[in-house]
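The chain contents come next:
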Amino acid sequence: FGEVREIGGLVIHWDSLHQTKKFEIQCLREGSNEWKTIYFAEAVSHVRSYIYLPGTSCRQLRFNFLENYGSESFGLKFLEIKSHQFSRSQSSFFK
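These notes cover the structure that comes with them. Nothing here was measured: the structure is a model prediction, and the numbers come from that model. (Residues numbered from 1 in each chain as written. Predicted model: local features only at pLDDT ≥ 70, side-chain atom pairs only at ≥ 80, totals over all residues. Heavy atoms only, no water.)

1. Some points on the side chain of Thr 20
For step 1, the next point in the chain: With respect to the helices, strands and loops of the structure, Thr 20 is situated in strand S2 (residues 20-28).
For step 2, the next point in the chain: Residue contacts for Thr 20: discarding those within four places in its chain leaves Trp 14, Val 44, Phe 65, Glu 67, Asn 68, Tyr 69, Phe 74 and Gly 75. (Helix = DSSP H or I, 4+ residues; strand = E, 2+ residues; numbered from the N terminus. Contact = heavy atoms within 4.5 Å.)

2. Quick look at a nonpolar patch on the surface
For step 1, the next point in the chain: Where nonpolar side chains cluster on the molecular surface, the patch consists of Phe 65, Phe 74 and Leu 76 and spans about 220 Å² of accessible area.
For step 2, the next point in the chain: With respect to the helices, strands and loops of the structure, Phe 74 is situated in the loop between strand S5 (60-68) and strand S6 (76-82).
For step 3, the next point in the chain: Since its relative accessible area comes to 35%, Phe 74 is described here as partly exposed. (Patch = residues over 30% accessible without salt bridge, like charges linked within 9 Å, V, L, I, M, F, W, Y side chains within 5 Å. Areas by Shrake-Rupley, 256 points an atom, 1.4 Å probe, with all protein chains shown as cover. Salt bridge = Lys/Arg side-chain N within 4 Å of Asp/Glu carboxyl O. Buried < 20%, exposed > 50% of the residue type's maximum accessible area, 1.4 Å probe, protein only.)

3. Comments concerning the packing of aromatic side chains
For step 1, the next point in the chain: Enumeration over the complete set of coordinates arrives at five aromatic pairs.
For step 2, the next point in the chain: Arranged with centres 6.1 Å apart and planes meeting at 80°, the rings of Trp 14 and Phe 65 form a pair that is edge-to-face. Residue Trp 14 is found in strand S1 (residues 5-14), and its partner Phe 65 is found in strand S5; the two are separated by 51 residues along the sequence.
For step 3, the next point in the chain: Using a relative accessible area of 30% as the deciding quantity, one classes Phe 65 as partly exposed.
For step 4, the next point in the chain: Here Phe 63 and Phe 65 contribute two aromatic rings whose centre-to-centre distance is 6.0 Å and whose plane-to-plane angle is 15°, an arrangement assigned as stacked.
For step 5, the next point in the chain: Note on Phe 63: relative accessible area 19%, which makes it buried. (Phe/Tyr/Trp six-rings, centres within 6.5 Å; stacked < 30°, edge-to-face > 60°.)

Given below as structure tokens:
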């Protein structure tokens, strides 16, 4: 982002031909040089992942793709970065 940004969540649209099975998302916070894991998925099974991240602020995001479903590559088609309104409450997240 280049600056600190508050994130309420993410919507990840996966490529169905190169679908990721296991991944983690890391955040680099303001004033820190250490990446912190803020989300870990062990068994992605859909073409879309909804990531609930209430109260998350960071300067940069990093994805570590750890395992896929047999193809030679990982496929992330599109990433939506949602505002804090997205995760205002669990009921608003699931609407």
